[in-house]
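So the chains spell out like this:
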Amino acid sequence: MSPLRDAQLGAFTFFASALPHDVCGSNGLPLTPNSIKILGRFQILKTMSHPRLCQYVDISRGKHERLIVVAEHYESNLSDFQKQGKAVSPEKVLQVAYEVLEGLEFMNKHGLVHRALGAHNVLMDCKGNVKLAKFGLYHMTDHGADVDFPIGYPAYLAPEVIAQGCFHPSDSSHDEAPLPSGPKTDVWSLGVLLFELCAGRRLLQNIDISDRLKFILNLGCMDDIVTVLAEEHGCLDTIKDLPPNVLGLLRKCLLFLPSKRLTPAELLRDPIFSGISCLYTSFLKPVSLFSSSLRCAHLELPEDISDLCKDDDEEDYLSERAIDEVYHLWCLAGGDLEKELINKGIIQSKPPICTLPNFVLEDGESFGQGRDRSFLLDDTTVTLSLCQLRNRLKDVAGEAYYPLLEDEQSSLPQSNSSNELSATVTLPLIIRERDTEYQLNRIVLFDRLLKAYPYKKNLVWKEARVDIPPLVRGLAWAALLGIEGDIQSRYESIDKDTPIPTDRQIEVDIPRCHQYDELLSSPQGHIKFRRVLKAWVVSHPDLVYWQGLDSLCAPFLYLNFNNEALAYACMSAFIPKYLYNFFLKDNSHVIQEYLTVFSQMIAFHDPELSNHLNEIGFIPDLYAIPWFLTMFTHVFPLHKIFHLWDTLLLGNSSFPFCIGVAILQQLRDRLLANGFNECILLFSDLPEIDIERCVRESISLFCWSPKSATYRQHAQPPKATTDNGFGKTPTYYSSEYQDMPKTDLSREPLALSDLKTEVSPRISAEDLIDLCELSSAGPAKRTRAGKPKIIAVDIRPIDEYPSNGIQWLIEDRSILLNTTDSSFSRGHISGSVNVPFSSAFSPDGELLQCPTSGILHNYKGCVIVVISHAMKTAAMFAAHLVKVAFPRVCILDGGINKLKPTGLLTVPSPQI
């Protein structure tokens, strides 16, 4: 959006027409309120940026179908010239005409018509240039169909509008809705405006509205409408004295028949403006982010940022920020739209007893109350005072508005956050998001970083670890997902109109997807939902539409409501990263492997909870499929998903496992206290989850999880790394294990049937070496309490046995141990502890009280890696540990044999 500069924020309000309460749509659902329809159509107006148009900023929905619109505003308008009571110079008339036509032409190119042109809706900025206001009212109200008042002003309405009855949309005598007005309607209104400027007076102000309309319709019988109007208002001499080009312009605008009238685009190129058209340059649409044509060269930065700290009192840095940023900060600083309108007397409350009808029928129809005039349009625009905001930001230095981007190699304690904000960074996220000064710094910083994307993508990732400002979340997510290139052309090239078999299911799912949200429940939201989902299905022929894909689409569509291409691109990048092959036609093997790994992660982090859930038969298949298939968008509202995904996008494809475990741990007490039926009921209506706590604990769980513990053979295969000149994409909260080069020490694929038999996850030998720091012979990583973070537990017997081998009977299973391979004394990992299986557990699985069990208790809470010669032995030992509530138990994949080629095994010196 354009900077605020000398503009102000203005707000006006109106009511949408109410719908009957007892009427449903064709799908059996209640009709969508007109206010929500208007809210959905309004969104496209926020993208209409042009020097001749007032920028729309926001719309909010209140009680009883009230809507409040916020837009760029100026106090000066064309009615100021009329109040002076004298004619405007011909040069000024031509300037106003040309600039109004520029705005109208831009609107027409985007399929819009003003229809509400009037002297007070043609604003003037401090330089005297035209700014058209309320140009979107006709569009957002569906050509006036969704409101009970007419769009337009009687004196400025074109004859064809009056003839169609558009001025009385609520008239019951009109069975069919009038045809929408075209671009030539605004040309007539412009002609009336210009005539008033030339005459120095307003037209048709001393007669009733009905007489005004009749007078305009009767102009069809006149040959020279300009002369008739001049005679009617006693200014014939003034009009005749106008220059020929101005008089010709009036006559071309005030042609009674639309077929003979020019459009704004045609009128702009008329020879009438040959003398001034050269003074104006063509409007160039700003380059959008994530476009292949956007590069750092387009950034305009101060020559010397150090000079910004000078004369802070004289500089208004806030006015250089985008108007939507200023409004967002105004709201954070305590701005209240309804309160502002109440203070100005625009919103007036009425005692409820005065609104009661005299008579009510059974069907709800009421009689005896006159029409409430407050439901008609009050055209007043209230200026929103920025004093409170400026007072909040008075101590913010000028440098904060132009932050220096630190070199990504440097290490600052709190990234780019200033020292004054260091305390705020430690506060809960919900408080930070409502802190005006903090959000200003974060928004300005992210704005700079995103404009430098992809050159500064590493810094985007770094700052996203602190938090992401809600105002730029959509663009920040796109950067984290690595969206680049001409996404608009790619999206437009996809056929989204040809019917496909999944159309029916999409139509059924959309009206049930996050419909509590006003934006997504609007008809425009449904249209965009349908287009983005269909684009994804068509562009991925190897995948199919599964229920839940609509929920997955919702966050991206909400954040990029006016940019379907970016929503589609983000969704297309998100799914292969976190849900690879989840949308295959037969995805059972992918889902089952995912749920099995999740079950192992529950046992790894919370064995007591895992034991209880397994005992009552409450397996992840019963509750976790909607979690992972939709990445929790099916179970959480959007505002929680935003905070959850802010962190999820910084992690790899295994991070969702930790989110799932964190959710279970919040419900831990209730789950442990209940049986199967109660758990089913609990998850049918999931209790309130503290999402910030969930995120915090997910990160902790992730940090405790070895990379290879969540290995899945059906995960996304490694990507070919290509250097595009912008550096490698950073990864936080660990990198993808699948992306690491495969070696002899890597994890081997395991059949699903074998995976399901193991309670604890496996980790690779390279993971063990890295965590124990064996390769550098350094000390093992330690916790804050001083314990090693990881301990290798070798369960092979310590003694040697006869070369023919022996049989060990463990829980009615015979396991052959060969002395040359299975003896701890023949070679083990440096720093590992020996806990022979035979002496650790009793026949019923209880941990025996002996020196070896004491060793295990000493290391309880550390990551315990069980090492054996045979994998079945290690899996059984790990299962026993989990059964007695030992957390963070895992198994070395491949056993001790994996480590033999490394030369890292040590043999104790023989005792003399």
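Residues numbered from 1 in each chain as written. Predicted model: local features only at pLDDT ≥ 70, side-chain atom pairs only at ≥ 80, totals over all residues. Heavy atoms only, no water.

As for the sheet that holds strand β10 (residues 790-794)
Our working rule: For two strands to be treated as a pair, DSSP must find no fewer than two bridges joining them. Secondary structure is summarised from DSSP: a helix means a run of H or I of at least four residues, a strand means a run of E of at least two, and numbering begins at the N terminus for each. The contact criterion used is simple: two residues touch if any of their non-hydrogen atoms lie within 4.5 Å. Angular values range over 0 to 180 degrees, each being the angle between N-to-C directions of two axes fitted as lines to C-alpha atoms, with helices fitted over their stretch in contact.
One open sheet accounts for 5 strands, arranged β9-β16-β15-β10-β14; its pairing is parallel. Each end of this open sheet is capped by a strand with a single partner; those strands are β9 (762-763) and β14 (833-834). Note: β9 against strand β16 (residues 889-892), 2 bridges, orientation parallel. Bridging across to β16, R762 finds its partner in I891. Docked against the sheet, helix α37 (residues 871-883) engages β9, β10, β15 (863-867) and β16, running at close to 175° with respect to β16.

Concerning the packing of helix α25 (residues 588-605) against helix α29 (residues 655-666)
Counted only if it meets this: Oblique is the label for every angle not falling under 35 degrees (roughly parallel), over 145 degrees (roughly antiparallel), or within 65 to 115 degrees (roughly perpendicular). Here a crossing is called left-handed whenever its near helix is offset anticlockwise from the far helix by less than a right angle, and right-handed whenever the offset is clockwise. In this classification, the charged set is Asp, Glu, Lys and Arg, the nonpolar set is Ala, Val, Leu, Ile, Met, Phe, Trp, Tyr, Cys and Pro, and all remaining amino acids, among them Gly, are polar.
Orientation of α25 relative to α29, taken along the N-to-C sense of each, is 55°, at an axis distance of 10 Å. In terms of their interaxial angle, α25 and α29 are classed as oblique. As α25 runs across α29, the sense of the crossing is right-handed. Residues Y594, V597, F598, M601, I602 and H605 of α25 pack against P656, F657, G660, V661, L664 and Q665 of α29. Considering only residue class, the contact of α25 with α29 consists of 9 nonpolar, 3 polar and no charged.

What to know about the sheet that holds strand β1 (residues 8-15)
Ordered in space as β2-β3-β1-β8, the 4 strands form an open sheet in which the pairing is antiparallel. Every interior strand has two partners, whereas the edge strands, β2 (56-61) and β8 (382-384), have only one. In this sheet, adjacent strand axes meet at a mean angle of 30° when their direction is disregarded. Relative to strand β3 (residues 66-73), β1 runs antiparallel, the two being bridged by 8 bridges. Note that in β3 the partner of Q8 across the bridge is H73. Seen against the sheet, helix α1 (residues 34-42) touches β1, β2 and β3 and runs at an angle of roughly 165° to β2. Packing against the sheet, helix α12 (residues 323-332) makes contact with β1, β2, β3 and β8, and its axis sits at approximately 35° to β2.

Thoughts on a nonpolar patch on the surface
Where we set the bar: To count toward a patch, a residue needs a relative accessible area over 30% and no salt bridge; like charges are then connected within 9 Å, while nonpolar side chains (Val, Leu, Ile, Met, Phe, Trp, Tyr) are connected within 5 Å. For the accessible areas, the method is Shrake-Rupley and the probe is 1.4 Å, while residue cover comes only from the protein chains on display. Salt bridges are defined by distance alone: a side-chain nitrogen of Lys or Arg within 4 Å of a carboxyl oxygen of Asp or Glu. Type-normalised accessible area, obtained with a 1.4 Å probe on protein chains alone, sets the label of each residue: buried when under 20%, exposed when over 50%, and partly exposed for intermediate values.
Residues I619, L622, F676 and I680 make up a contiguous nonpolar surface patch of about 300 Å² in total accessible area. Tracing the chain through its elements places F676 in helix α31 (residues 676-684). For F676, a relative accessible area of 32% gives the class partly exposed.

Structural notes on the confidence of the model for the chain
Put simply, the test is: What pLDDT reports is the predictor's confidence in each residue, on a scale of 0 through 100.
On average, the chain scores 85 in pLDDT, and the residues at 70 or more come to 85%. Mean pLDDT across the secondary structure elements of the chain bottoms out at strand β12 (residues 813-817), with 34, and peaks at α29, with 97. Predicted confidence is poor over residues 292-313, with pLDDT under 50, and the contacts of this stretch with residues over four places away or in other chains come to 30 contacts.

Comments concerning the environment of K127
Secondary-structure assignment places K127 in the loop between β4 (122-124) and β5 (130-132). A residue is classified by how much of its surface remains accessible, and K127, at 70% relative accessible area, is exposed. Sequence separation of K127 and D6 is 121 residues, and the distance between their C-alpha atoms is 9.5 Å.

A few points about the packing of helix α23 (residues 549-559) against helix α24 (residues 564-578)
Relative to each other, α23 and α24 sit at 130°, their axes nearing to 9 Å. In this view, α23 runs oblique relative to α24, as classed from their interaxial angle. The handedness of the crossing between α23 and α24 comes out as right-handed. Within the contact between the two elements, α23 uses L549, L552, C553, F556 and L557 and α24 uses A567, C570, M571, F574 and I575.

Quick notes on the pattern of salt bridges
In the structure shown here, the tally under the stated rule is 36 salt bridges. For the salt bridge of E433 with R473, the shortest nitrogen-to-oxygen distance reads 3.2 Å. Of this pair, E433 sits in the loop between α16 (429-432) and α17 (436-451) while R473 is found in helix α19 (residues 473-480), placing the two residues 40 residues apart along the sequence. Here R473 falls in the buried class, since its relative accessible area comes to 4%. Via salt bridges that share partners, R321, E325, D447 and K451 belong to a single interconnected network.

Here's the deal with helix α18 (residues 457-464)
By the criterion of burial, α18 is predominantly enclosed, with 8 of the 8 residues buried. Residues of α18 that are buried include every one of K457, N458, L459, V460, W461, K462, E463 and A464, and no others. Buried residues in α18 make contact with α17, α19 and α24.

Digging into the pairing of β15
What counts is decided by this rule: Orienting the strands away from the viewer, one traces the path from the first strand over the helix to the second; a clockwise path indicates a right-handed crossover.
Among the 5 residues in β15, 5 count as buried, and that is most of the element. Both faces of β15 are covered, namely the face carrying V863, V865 and I867 and the face carrying I864 and V866. Bridge count for β10 against β15 is 5 bridges, and the pairing is parallel. Bridged to A792 within β15 is V865. Taken together, the 3 bridges between β15 and β16 define a ladder with parallel strand orientation. Residue I864 lies in a different strand from β16, and its bridge partner there is V889. This β-α-β element, β15 to α37 to β16, shows right-handed connectivity.

Overview of the environment of G220
Following the sequence through the fold, G220 ends up in the loop between α7 (209-218) and α8 (225-232). Given the relative accessible area of 40%, G220 is considered partly exposed.

Comments concerning the side chain of H612
What counts, and what does not: Definition of a polar contact: a pair of N or O atoms within 3.5 Å, with one able to donate and the other able to accept a hydrogen when the atoms are protein atoms, and with sequence-neighbouring residues admitted only if both atoms are side-chain atoms.
Examined against the element boundaries, H612 turns out to sit in helix α26 (residues 607-616). Within the structure, H612 has its side chain in polar contact with the backbone oxygen of N674 (distance 2.9 Å).

A look at unusual backbone geometry
One can expect most non-glycine residues to show negative phi and most peptide bonds to be in trans. Following Y453, the chain continues to P454 via a peptide bond in cis, the omega torsion being 5°. Relative to the helices and strands, P454 is located in the loop between α17 and α18. The phi angle at D142 is positive, at roughly 55°, despite the residue not being glycine. Of note, D142 is situated in the loop between α4 (137-140) and α5 (159-163). Residues other than glycine seldom take positive phi values, yet F632 does so here, at roughly 75°. On the secondary structure map, F632 appears in the loop between α27 (625-629) and α28 (638-648). In this structure F632 comes out as buried when scored by relative accessible area, which is 0%.

Topic: the packing of aromatic side chains
The cut-off we apply is this: Pairing of aromatic rings covers Phe, Tyr and the six-membered ring of Trp, with a centre-to-centre limit of 6.5 Å; geometry is then stacked below 30 degrees between planes, edge-to-face above 60, and tilted otherwise. Our definition puts a charge over a ring when NZ of Lys or CZ of Arg is within 6 Å of the ring centre and also within 35 degrees of the ring normal.
One pass over the full model with this rule turns up 37 aromatic pairs. A centroid spacing of 5.4 Å and a plane angle of 45° characterise the contact between F556 and W645, whose relative ring orientation is tilted. Of this pair, F556 sits in helix α23 while W645 sits in helix α28; the two residues are 89 residues apart in sequence, bridging distant segments of the chain. Between F841 and F877, the aromatic rings sit 5.2 Å apart at their centres with planes inclined by 75°, giving edge-to-face as the arrangement. Remark: F877 occurs in helix α37 and F841 occurs in the loop between β14 and α36 (851-858); sequence separation between them is 36 residues. With respect to class, F841 is no different from F877; both count as buried. The rings of F582, Y594, F598, F618, Y623, W627, F628, F632, F636, F657, F676 and F683 are connected pair by pair, giving a single aromatic cluster. Lying over the aromatic face of Y491, K496 brings its terminal NZ or CZ to 4.1 Å of the ring centre. Positioned over the ring face of W704 is R888, at 3.7 Å from the centre of the ring.

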